[in-house]
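What follows is the residue order along each chain.
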Amino acid sequence: MLRHAEDNPLAFIGRDLACVRGERLVFSGLSFRLEPGQALVVSGANGSGKSSLLRLMAGLVPPETGWLGWGEVGLDADPDAHRALTTYLGHLDAVKLAFTAGENLRFWLAYAGREANPSALAAALDATGLSHLIDMPARFLSQGQRRRLALSRILASGTRLWLLDEPTNGLDAASVAAIEAVLARHRNGGGMVAAALHGGLALPGALRLDLASRPPPGPSAGGP
């Protein structure tokens, strides 16, 4: 089990993964190993399975075949521990427009069962350039500011593995540079990042997984 995973860093591993969406086999035979401090960049055309892979890694959906886990402990053996170690940010910002920036962060941390430490919230908003908007209702924020607020939730989470689906959508160059600095600090502290990207975000030394370069899978999971 992963009861002491916070004190004993483990690699996050995927082996021979296959994913089916609808009745279409999106990818198969996919493997990776993500060590503490490493980043994984997933690239490929729309529909190649980038978002599907992140959802598998988050434990939101099971793989059709293959194995995911920390060290040698599979996700299905201790899903609660996996959720405690992982934060996922999809295409949608998941920002409640009636809440202020600060209330959004407190809500999501409470929803995830994590303590809303005031200093951690302030640091997360400061890192994304939103500290002066902590009491601003989210409906008044721009698209880019809402994206940065969603990223603040990741920063405040205290989790080890960050799963980011096109995290720089809607961000200007200055905001992207700020996020790159935050990701670097996370990795320097032993954190891990897996990001689906079309480009526009520098993750030095990252592992690369190009789904477009993989052989096309068969027509369906149940085919001959």
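Preceding block: the structure.
For clarity, every value in this text was computed on a predicted model and none was experimentally measured. (Residues numbered from 1 in each chain as written. Predicted model: local features only at pLDDT ≥ 70, side-chain atom pairs only at ≥ 80, totals over all residues. Heavy atoms only, no water.)

### Concerning the sheet that holds strand E5 (residues 73-74)
Ordered by their spatial adjacency, four strands build an open sheet running E2-E1-E4-E5, and the pairing between neighbours is antiparallel. Of all strands in the sheet, those with a lone pairing partner are strand E2 (24-34) and E5, marking the two edges. Here five bridges tie strand E1 (residues 12-21) to strand E4 (residues 65-70), and the two strands are oriented antiparallel to one another. Paired with Phe12 across the two strands is Trp70, which belongs to E4. (Pairing = 2+ DSSP bridges. Helix = DSSP H or I, 4+ residues; strand = E, 2+ residues; numbered from the N terminus.)

### A few points about the packing of aromatic side chains
Evaluated as defined, the whole model comprises four aromatic pairs. Geometrically, the ring pair formed by Phe107 and Trp108 is edge-to-face, given 5.3 Å between the ring centres and 80° between the ring planes. Under the relative-accessibility criterion, Trp108 is labelled partly exposed at 22%. Here a set of aromatic residues connected by ring pairs shows up, and it is made of Phe12, Phe32 and Trp70. We note Arg15 situated over the ring of Trp67; from NZ or CZ to the ring centre the distance is 4.7 Å. Sitting over the face of the ring of Trp108, Arg153 holds its NZ or CZ atom 4.9 Å from the ring centroid. (Phe/Tyr/Trp six-rings, centres within 6.5 Å; stacked < 30°, edge-to-face > 60°. Buried < 20%, exposed > 50% of the residue type's maximum accessible area, 1.4 Å probe, protein only. Lys NZ or Arg CZ within 6 Å of the ring centre and 35° of its normal.)

### Comments concerning the pattern of salt bridges
Inspection of every chain in the model, using the stated rule, returns four salt bridges. Ionic pairing is found between Glu72 and Arg15, a salt bridge with its closest N-O pair at 2.8 Å. A residue pair is termed long-range when its members are at least 10 positions apart, and Glu72 in the loop between E4 and E5 and Arg15 in strand E1 qualify at 57 residues. For Arg15, a relative accessible area of 34% corresponds to the partly exposed category. A salt bridge links Arg33 to Glu35; its shortest N-O distance comes to 2.6 Å. (Salt bridge = Lys/Arg side-chain N within 4 Å of Asp/Glu carboxyl O.)

### Examining the sheet that holds strand E6 (residues 86-89)
The five strands are arranged E6-E7-E8-E3-E9 in an open sheet whose pairing can be described as parallel. Across the chains shown, the open sheet's two edge strands, defined by having one partner strand only, are E6 and strand E9 (207-210). Strand after strand, the sheet turns through a mean of 10° between neighbouring axes, direction not considered. Sitting on the sheet, helix H1 (residues 50-58) touches strand E3 (39-43), E6, strand E7 (161-165), strand E8 (192-196) and E9, and the angle it makes with E7 is about 155°. (Axes fitted to C-alpha atoms, helices over the stretch in contact; angles between N-to-C directions. Contact = heavy atoms within 4.5 Å.)

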